[in-house]
Amino acid sequence: MKKHRIPPFAIVGAALLVALPTNGAFAEEAPAPPDAVQTAPENLPTDRMIVKYAAPLGDAQKQEILGTAAEQADVPEAEDTTELKTTADGADVVELTDVVSPDDAADLAQELEQDPAVAYAEPDQLVFTAQIPGMDDQAQEQLGSAAAAAYDADAPYMWALNSLGAPRAWDTATGRGMTIGVVDTGFANHPDLDLNVIGGWDFVSSPSLSNDGNGRDSDARDPGTHSVYGQCWAGSPASKSIWHGTHVAGTAAARRDAYGVVGIAPDATLLNARALGACGTGYVSDMADSVTWLAGAPVAGVPAARKRADVINMSLSMYGSCPVTLQNAINTAWNRGIPVAVAAGNNGQPAINYAPGNCYNVVTVGAVTSDRTRASYSNHGAAVDIYAPGHHILSAGNTGTKGPVAPNSRYDYGTSMASPHVAGTLALMKQKNPSFSSNQLKDLLLTSGDPFASGKTLNTHDALYITSAFKDVYWGRTFYNEIAWMHSSGISKGWASGNTRVYKPVQSITRDQMAAFLYRMAGSPDFTPPRVSPFADVATGQGFYKEMAWMHARGISTGWVDGRTRLYKPGQAISRDQMAAFLYRMAGKPAYGAPSTSPFADVSTRQGFYKEMAWMHGTGISKGWDDGTYRPGAAVSRDVMAAFLQRFDQKF
């Protein structure tokens, strides 16, 4: 197969500056910074096309369709193509006889899509990582030694850990049972990673880019991204290996052990999908198959992993709109409950212009520095969902300039480094909430972020909702603050559930529980319950007897008269009209003239407890629903009751 002749201004990936350790057992001298930044062009040639047919066709029919489109688009390079593979969603990847300009590739795709037998067609673009310019002298002096050493000795150099509150988060979740899939250059062997890696596959389909002498195979280890002059495109410069995937994997899930660094989710396992080869380059179709495989969906010729990923990270970037092939793969993962964290890119431009950050169903991550400002190189704008540490990030690496030599810890920076901080956090969140959808996880991740000038920054600690006293009440949910107030005020401690406590927020509150809530809200006053219960259905020895007797003594609830007996009905769910009466009496039956016109569409001025429900509206304790109703007979759930009680407490 021919070598690729993509020009050297091809797409910038999520970037990394390599600033290696300056001393220590595995130290190297820092390489000289590159002279210029590679920027993602608006015009990118390619030598491959992706064609999805609406129905299965024979080879002759496909060739006829391609030949006709090539003639119509005046792209002779497409008249004779070689079918390389089929993507996971059934599209053909074909190689042209030579590279074509981006305009010609777009014209060819447009002509192909005119044929009713073609579902879609698009260029199979190249994506690759690129290096950001070197640090200034002051930044170089700040780095110090970071050689791999015992007891995660490099952790003090990992400023992001404490900034995100990760060590405190590990009291709640460490990623155990979760698997993070990484689409990247593959992993080099490394003590911080090896025991966490549970599988992998090499998806680099181009032998000339693979650096391992073949196309796809079962060995997903990184042989190095080094290249010779002209290997990756016509005139491409020789380059050294950058160990990008190793660094990304370490940030997400390096083990807590007697070596090197530690990741955000140190007990998570890793799935290695190698999709980028020499020069850090790879094709969109290979990335799409990687995502599909990590999501547990079938990919032709590739055996399924023994466990699918729970979270996926893609620290790469390319100029242009999100390719259909890649979007389909991302949708597969997202809809299976697997959130996908992606780098925003390092062009200092609006992220909406770069894929996969502009794809749907992703968490797009920009980079911040240690002083919590947006890194100058980070792409930005509305397409960035959240920012995370990406500047001077220490993680796993290797000393080899070509193939792997010895493991080390190394500094890199860019949105590539920011994205795995988010992926690791998502793994911790999913460990605590395994049934949550991708959208729920994303929403909560963003809700828990800390505001700053450019949007929100990641807060791993708060994303785990560990400020909540209850396992089933996550940070950011409706009435979270009110339920937290219930706990802090001593009104409700919930139920024990193993080593944690639960609140059961959507469960209806019963009348005996309501008595307990009101008694505690009153300050748990001294009260000696009578030896004879005031209610025939409440025994003096049962739970909450004291509180229910107190309700009777205070006149808050006199129960029901049934013949000659008085009942409290302790296990019955309290309705919203009864709750209004309880709170009105709890407030001391304040003077109140109910309006002649009901504030609620479903409450008549003549029905029982009208005055009390109108009083609830007048005080602002309950305004009812947006449709103007109060729903007086509906049961009150425990989360809604928390809101009512807090509002009552603030007013009386």
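Refer to the structure presented above.
Bear in mind the structure is a predicted one, so any value in this text is a computation, not a measurement.

### Comments concerning the pairing of strand 14 (residues 363-368)
Judged by how many residues are buried, strand 14 sits mostly within the fold: six of six residues are covered. Of the two faces of strand 14, the one lined by Val363, Val365 and Ala367 and the one lined by Thr364, Gly366 and Val368 are each fully buried. Here strand 12 (residues 340-343) runs beside strand 14; their pairing, made up of three bridges, is parallel. Across the sheet, residue valine 342 finds its bridge partner in strand 14, namely threonine 364. Sheet topology note: the strand 14/strand 15 (residues 386-389) ladder contains four bridges and is parallel.

### With respect to the packing of aromatic side chains
The full count for this structure, using the stated rule, is 11 aromatic pairs. Note on tyrosine 319 and tyrosine 354: the rings are 5.4 Å apart at their centroids and 85 degrees apart in plane angle, and the pair reads as edge-to-face. With tyrosine 319 in strand 11 (residues 318-319) and tyrosine 354 in strand 13 (residues 354-355), this pair connects stretches of sequence that are 35 residues apart. For tyrosine 354, a relative accessible area of 4% corresponds to the buried category. Between tyrosine 377 and tyrosine 413 the ring centres are 5.2 Å apart and the planes differ by 90 degrees, which places this aromatic pair in the edge-to-face class. With tyrosine 377 in the loop between strand 14 and strand 15 and tyrosine 413 in the loop between strand 17 (407-412) and helix 10 (415-432), the pair connects residues that are 36 residues apart, well separated along the chain. Judged by relative accessible area, which is 6%, tyrosine 413 ranks as buried.

### A look at the sheet that holds strand 3 (residues 92-100)
A sheet is described by the order of its strands in space; here four strands give the open sequence 2-3-1-4, paired in antiparallel fashion. The sheet is open, and its two borders are formed by strand 2 (82-86) and strand 4 (118-123), each paired with just one other strand. Shown here is a sheet whose adjacent strand axes are inclined to one another by a mean of 30 degrees, direction ignored. Pairing of strand 1 (residues 46-53) with strand 3 involves five bridges; the strand directions are antiparallel. Paired with methionine 49 across the bridge in strand 3 is valine 94. Helix 8 (residues 284-294) rests against strand 1, strand 2 and strand 3 of the sheet, and its axis sits at about 20 degrees to strand 2. Together, strand 1 and strand 4 form the strand contacts of helix 9 (residues 324-335), whose direction differs from that of strand 4 by roughly 110 degrees.

### Describing unusual backbone geometry
Looking along the chain, the bond that leaves alanine 355 and enters proline 356 is cis, with omega of 0 degrees. Within the secondary structure, proline 356 sits in the loop between strand 13 and strand 14. Positive phi, close to 55 degrees, is recorded for tryptophan 243, a residue that is not glycine. With phi around 60 degrees, histidine 392 is a residue other than glycine that occupies positive phi space. Tracing the backbone through its elements, the reader meets histidine 392 in the loop between strand 15 and strand 16 (393-398).

Thresholds, definitions, all that
Residues numbered from 1 in each chain as written. Predicted model: local features only at pLDDT ≥ 70, side-chain atom pairs only at ≥ 80, totals over all residues. Heavy atoms only, no water. Buried < 20%, exposed > 50% of the residue type's maximum accessible area, 1.4 Å probe, protein only. Helix = DSSP H or I, 4+ residues; strand = E, 2+ residues; numbered from the N terminus. Pairing = 2+ DSSP bridges. Phe/Tyr/Trp six-rings, centres within 6.5 Å; stacked < 30°, edge-to-face > 60°. Axes fitted to C-alpha atoms, helices over the stretch in contact; angles between N-to-C directions. Contact = heavy atoms within 4.5 Å.

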